[in-house]
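Observations on the three-dimensional arrangement
If you want the building blocks of each chain, they are given just below.
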Amino acid sequence: MSARTRIVVAMSGGVDSSVTAALLKKQGHEVIGITLQLYASTAQPQRKGACCAGSDIYDARRVAENLGIPHYVLDYESRFRKAVIESFAGSYAQGETPIPCVSCNQKVKFADLLDTARELGAEAMATGHYVRRVEGATGAQLHAAADAVRDQSYFLFATTQAQLDFLRFPLGEMEKPQVRAIAAELGLVNAAKPDSQDICFVPQGRYTGIVNKFRPDAARAGDIVDESGAVLGRHDGIAHFTVGQRKGLGLSGHAQPLFVLRLDPVNARVVVGPRESLGASTITLRDVNWLAGSDAPFACRVKVRSMRPPVAATVTPLADGAARVELAAPEDAIAPGQACVFYEEGGSRVLGGGWITAQALTQAA
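Residues numbered from 1 in each chain as written. Predicted model: local features only at pLDDT ≥ 70, side-chain atom pairs only at ≥ 80, totals over all residues. Heavy atoms only, no water.

The secondary structure content of the protein amounts to eight helices and 18 strands. In terms of overall dimensions, the protein is globule-like: its C-alpha atoms have a radius of gyration of 22 Å, near the 21 Å expected for 365 residues. Along the three orthogonal principal directions, the C-alpha set of the protein runs to about 65 × 50 × 35 Å. A buried classification covers 53% of the 365 residues belonging to the protein. Excluding contacts between residues fewer than 6 apart, the proportion of contacts in the protein whose partners are at least 24 apart in sequence is 66%. Surface exposure of the protein reaches about 16,300 Å², of which carbon and sulfur atoms provide 49%. Of the charged side chains in the protein, 38 are positive and 37 negative; the average position of the first set lies 4 Å away from that of the second. (Helix = DSSP H or I, 4+ residues; strand = E, 2+ residues; numbered from the N terminus. Rg over C-alpha atoms; globule rule 2.2 N^0.38 Å. Buried < 20%, exposed > 50% of the residue type's maximum accessible area, 1.4 Å probe, protein only. Contact = heavy atoms within 4.5 Å. Areas by Shrake-Rupley, 256 points an atom, 1.4 Å probe, with all protein chains shown as cover. Lys, Arg positive; Asp, Glu negative; His and termini not counted. Charge placed at Lys NZ, Arg CZ, Asp CG, Glu CD.)

Below, the structure is given as structure tokens:
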């Protein structure tokens, strides 16, 4: 970017986005801070480790004053409720395990907010995500962060090429202690603020309350069965379970530990079995976002959970935005509703990714 570029910074009230704004201001850019109000602050209890808590808007405003940049708060509550919260509840009702942070980036921050940035005449929008944007021969590329521990590329797989061309990620080459040191040096009020850990709209981490509110059908009681269909117990709603879960099944007296293998929302059944039945080698994806297109099968590395390391796989593009992933070795507890993200072999570039479908897991031989 040239000097004195107008840049909108998405300021969440946390230390990462605050330092992002500070670095860009120091580089001589015209920085505008925007904070989104995603739900009524009075409806959300204050708690340590939460994202987008009620005090965050105040923290963002104080940082903006400290930096001497304009700051605006936009009410996106209705958009967030429809695009993220209702989708979150619907996903659980379908027997999936959703990732609301991906939906928030995809449908709110990198869609509506990005449009607002353009309306303000900005030439770019910056966020505090730990991910790298690299200029390639055909446009911007998305790469994992230099700090593998902080890398957030898994959560940004749905970023489109057009969005990536407009976005900037100044923290991608940095480590968190360095970011906190900059915040402390600048005297930012949130320099020691804890990182967000919980889903921002879920009080005390009890997501079933949100699911029951928007999708009461997910609370329908049903049977817990084994792989042959034999009834082992009862449950009070499939929203209380996720693939790979062991604790909280209410089953005892079995010779070996039992795990949730899959959820059947149509019949309100939770299917359980031994650990060896958790492995899967083939995954089918829907709504694939391609950042490096290919019409033919290609080898890469994939992540099926945000905290797992990438593993070797072959991805085959299919019709209607789908793809099939063949894992080189079986992976346990692959949950429908989670994302499968593609990374280049021997590199850090994100090639794309999609959503794991419920009917798509082929068990390992």
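Each pair of packed helices can be summarised by the angle the axes make with each other and by the distance between the axes. It is the contact of helix H1 (residues 15–26) with helix H7 (residues 176–186), at a shortest axis distance of 10 Å, that shows an interaxial angle of 65 degrees. In terms of orientation, H1 lies roughly perpendicular with respect to H7. The element H1 and its partner H7 pack so that their crossing is left-handed. For the pair formed by H1 and H7, the contact residues are Val15, Asp16, Val19, Ala22 and Leu23 on the first element and Lys176, Val179, Arg180, Ile182, Ala183 and Leu186 on the second. (Axes fitted to C-alpha atoms, helices over the stretch in contact; angles between N-to-C directions. Parallel < 35°, antiparallel > 145°, perpendicular 65-115°, else oblique. Left-handed = near helix turned anticlockwise from the far one by under 90°.)

Moving on to the pattern of salt bridges. When their charged atoms lie close together, side chains carrying opposite charge are able to pair. A full pass over the atoms with the stated rule returns 21 salt bridges. Notably, a salt bridge pairs Glu30 with Arg6, separated by 3.0 Å at the nearest N-O pair. With Glu30 in strand E2 (residues 30–37) and Arg6 in strand E1 (residues 6–10), the pair connects residues that are 24 residues apart, well separated along the chain. By relative accessible area, which is 26% here, Glu30 ends up partly exposed. Take Arg6: its relative accessible area is 29%, and that puts it in the partly exposed class. For the salt bridge of Glu86 with Arg81, the shortest nitrogen-to-oxygen distance reads 3.6 Å. Because the salt bridges share partners, they merge into one network encompassing Asp16, Arg150, Lys176, Arg180 and Asp195. (Salt bridge = Lys/Arg side-chain N within 4 Å of Asp/Glu carboxyl O.)

Within the open sheet, the five strands sit side by side as E3-E2-E1-E4-E7. Their pairing is parallel. Each of the sheet's edge strands pairs with one partner strand only, and the pair in question is strand E3 (71–75) and strand E7 (167–168). Bridge count for E1 against strand E4 (residues 124–126) is three bridges, and the pairing is parallel. The residue of E4 that forms the bridge with Val9 is Ala126. Sitting on the sheet, helix H2 (residues 55–67) is in contact with E2 and E3, with an inclination near 155 degrees to E3. (Pairing = 2+ DSSP bridges.)

The next thing to look at is the pairing of E2. Burial runs high along E2: six of the eight residues are buried. One ladder, built from five bridges, connects E1 with E2; its direction is parallel. Opposite Ile7, over in E2, you have Val31 as the bridge partner. With H1 bridging E1 and the parallel E2, this β-α-β connection has right-handed handedness. Bridge count between E2 and E3: five bridges; the pairing is parallel. Residue Leu36 lies in a different strand from E3, and its bridge partner there is Leu74. (Right-handed = clockwise from strand over helix to strand, strands pointing away.)

What follows concerns helix H3 (residues 77–93). Relative to the 24 Å expected for 17 residues at 1.5 Å per residue, H3 spans 22 Å between its end C-alpha atoms, a close match to the ideal helical length. Along H3, the residues classified as buried are Phe80, Ala83, Val84, Ile85, Phe88, Ala89, Gly90, Ser91, Tyr92 and Ala93. Gly95 occupies a position one or two residues after H3 and carries a positive phi of about 80 degrees. (Expected span 1.5 Å × (residues − 1).)

The residue Thr316 is located in strand E14 (residues 311–317) in this model. According to the relative accessible area criterion, Thr316 is buried, its value standing at 13%. Ignoring anything within four residues of it in the chain, the contact list for Thr316 reads Pro297, Ala323 and Arg324.

Looking at the secondary structure, you find Arg269 in strand E11 (residues 269–273). Separated by 108 residues in the primary sequence, Arg269 and Gln161 place their C-alpha atoms 40 Å from one another. Among residues more than four places away in sequence, those in contact with Arg269 are Asp223, Val225, Gly229, His235, Ile238, Arg262, Leu263 and Asp264.

By the element assignment, Lys303 lies in strand E13 (residues 298–303). Lys303 sits in the buried class, given a relative accessible area of 10%. A C-alpha to C-alpha distance of 30 Å links Lys303 and Asp115, two positions 188 residues apart in sequence. Separated by 3.0 Å, the side chain of Lys303 and the backbone oxygen of Ser306 make a polar contact. (Polar contact = N/O pair within 3.5 Å; in protein donor to acceptor, adjacent residues only side chain to side chain.)

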